[in-house]
Amino acid sequence: MDSAGMEGAGAARQVVRDAEEYLQRVVAEVMAPHPAECVLCYIARMLDEHGCDETLRWAGRFRELRSPRATALESRMQAAGGFCDCEVFSNGYRLRREHLERDIHTDELREPDRPPTCAGVGRLDSTKPCTVWESRRRRSPGCW
Ligand SMILES: [Zn+2]
Ligand SMILES: [Zn+2]
């Protein structure tokens, strides 16, 4: 290969590296919580798009990105019965009644296919769920 060819290969490698970095950045942004999105809406959205890997992956990610010092977040999820992200919902929290949909076939209330829009939380580093969620174990409000 002549020197022009070598440079060409080097430039191509640089382009690939740039593309990879760009992709990683895009993926990191796609996986990040929306501004003011609460922890539960974030986990619900990530589960909807990426599924559960049987750990508190999305809860942990939310904490890392939003509230790195809120180290109690995962243990709080576990205390609510959520030992992985999907269990946070099957055991810990559910949508409030007004966010459920009436199933036209069974006439029963059910969760909508897509989670509702997050009602938002006041502070960006808050790890509280927003008002679309309620605890399945009706504890006193404000326990969080
Ligand atoms: Zn799970
Ligand atoms: Zn929310």
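Rules of the game
Residues numbered from 1 in each chain as written. Chains lettered and ligands numbered in written order. Predicted model: local features only at pLDDT ≥ 70, side-chain atom pairs only at ≥ 80, totals over all residues. Heavy atoms only, no water. Helix = DSSP H or I, 4+ residues; strand = E, 2+ residues; numbered from the N terminus. Rg over C-alpha atoms; globule rule 2.2 N^0.38 Å. Buried < 20%, exposed > 50% of the residue type's maximum accessible area, 1.4 Å probe, protein only. Contact = heavy atoms within 4.5 Å. Areas by Shrake-Rupley, 256 points an atom, 1.4 Å probe, with all protein chains shown as cover. Lys, Arg positive; Asp, Glu negative; His and termini not counted. Charge placed at Lys NZ, Arg CZ, Asp CG, Glu CD. Donors = N, O, S within 2.8 Å, 3.2 Å for Na, K, Ca; no water. Tetrahedral: all angles 85-135°; square planar, octahedral: opposite > 155°, others 65-115°. Salt bridge = Lys/Arg side-chain N within 4 Å of Asp/Glu carboxyl O. Core = buried A, V, L, I, M, F, W, Y, C linked by side-chain atoms within 4.5 Å. Axes fitted to C-alpha atoms, helices over the stretch in contact; angles between N-to-C directions. Parallel < 35°, antiparallel > 145°, perpendicular 65-115°, else oblique. Left-handed = near helix turned anticlockwise from the far one by under 90°. Nonpolar A, V, L, I, M, F, W, Y, C, P; charged D, E, K, R; others polar. Domains from an automatic or database assignment.

S.K.: I'm lost on the overall build of the protein chain in this one. Help?
M.R.: Tallying secondary structure elements over the protein chain gives 5 helices and 4 strands in all. The helix and strand sequence of the protein chain, counted from the amino end, reads α-α-α-α-α-β-β-β-β. The C-alpha atoms of the protein chain give 21 Å as radius of gyration, which overshoots the globular expectation for 144 residues (15 Å, by more than 25%). For the protein chain, buried positions account for 33% of its 144 residues. Taking the contacts inside the protein chain whose residues are at least 6 apart along the sequence as the reference set, 61% of them involve residues at least 24 apart. When the accessible surface of the protein chain is summed, it comes to about 9400 Å², and 52% of that surface belongs to carbon and sulfur atoms. Here the protein chain contributes 22 positive and 24 negative side-chain charges, whose respective centroids are spaced 9 Å apart.

S.K.: Help me understand the coordination of the zinc ion (ligand 2), please; the structure alone is not making it clear to me.
M.R.: For the zinc ion (ligand 2), the full set of protein donor atoms is Cys 38 (SG), Cys 41 (SG), Cys 118 (SG) and Cys 130 (SG), at a range of 2.2 to 2.3 Å. Around the zinc ion (ligand 2), the 4 donor atoms are arranged such that angles at the metal cover 106 to 115 degrees; this shape is classified as tetrahedral. Mapped onto the polypeptide sequence, the residues donating to the zinc ion (ligand 2) form the spacing pattern C-x2-C-x76-C-x11-C. Residue Cys 41 is found in helix H2 (residues 39–50), and its partner Cys 118 is found in the loop between strand S3 (109–110) and strand S4 (133–135); the two are separated by 77 residues along the sequence. Overall, the relative accessible area of 5% leaves Cys 41 in the buried class.

S.K.: I keep staring at the pattern of salt bridges and nothing clicks. Help me out?
M.R.: If charged atoms from side chains of opposite charge come close, those side chains can pair. With the rule as written, the count across this model stands at 9 salt bridges. Here Asp 125 ties to Arg 123 by a salt bridge, and the two come within 3.0 Å at their closest N and O atoms. Residue classification places Asp 125 among the partly exposed residues on the basis of a relative accessible area of 33%. When salt bridges that share partners are traced, they join Glu 101, Asp 103, Arg 110 and Asp 113 into one network.

S.K.: Looking at this model, I keep getting lost on the nonpolar core. Mind explaining?
M.R.: Note on soluble globular proteins: their nonpolar side chains tend to be buried together. One finds Leu 40, Ile 43, Met 77, Phe 89 and Trp 133 to be the most contacted residues of the largest nonpolar core, which totals 25 residues. Secondary-structure elements contributing two or more residues to this core are H2, helix H3 (57–66), helix H4 (73–79), helix H5 (85–92) and strand S1 (93–95). No other element matches the 8 residues that H2 contributes to this core. In contact with Leu 40, not counting residues within four places along its chain, are Met 77, Val 88, Phe 89, Tyr 93, Pro 129 and Trp 133.

S.K.: Please explain the packing of H2 against H3 as it appears in this structure.
M.R.: Angle between the axes and distance between the axes are the two parameters that describe a pair of packed helices. One can describe the packing of H2 onto H3 by two numbers: an axis separation of 9 Å at closest approach and a directional angle of 130 degrees. When the axis of H2 is compared with that of H3, the two are oblique. By crossing handedness, the relation of H2 to H3 is classed as right-handed. The residues of H3 that touch H2, namely those facing Val 39, Tyr 42, Ile 43, Met 46, Leu 47 and His 50, are Trp 58, Ala 59, Arg 61 and Phe 62. Residues of the contact of H2 with H3, tallied by class, amount to 8 nonpolar, 1 polar and 1 charged.

S.K.: Please explain the coordination of the zinc ion (ligand 1) as it appears in this structure.
M.R.: Six octahedrally arranged donors around a metal ideally form angles of 90 or 180 degrees; four tetrahedrally arranged donors ideally form angles of 109.5 degrees. Distances from the zinc ion (ligand 1) to its protein donors, namely Cys 52 (SG), Cys 84 (SG) and Cys 86 (SG), fall within the range 2.2 Å. Using a relative accessible area of 5% as the deciding quantity, one classes Cys 84 as buried.

S.K.: Hey, could you run me through the domain arrangement of the protein chain in this one?
M.R.: By domain assignment, the protein chain separates into domain 1 (1–30) and domain 2 (34–135). One C-alpha centre belongs to domain 1, the other to domain 2; they are set 38 Å apart.

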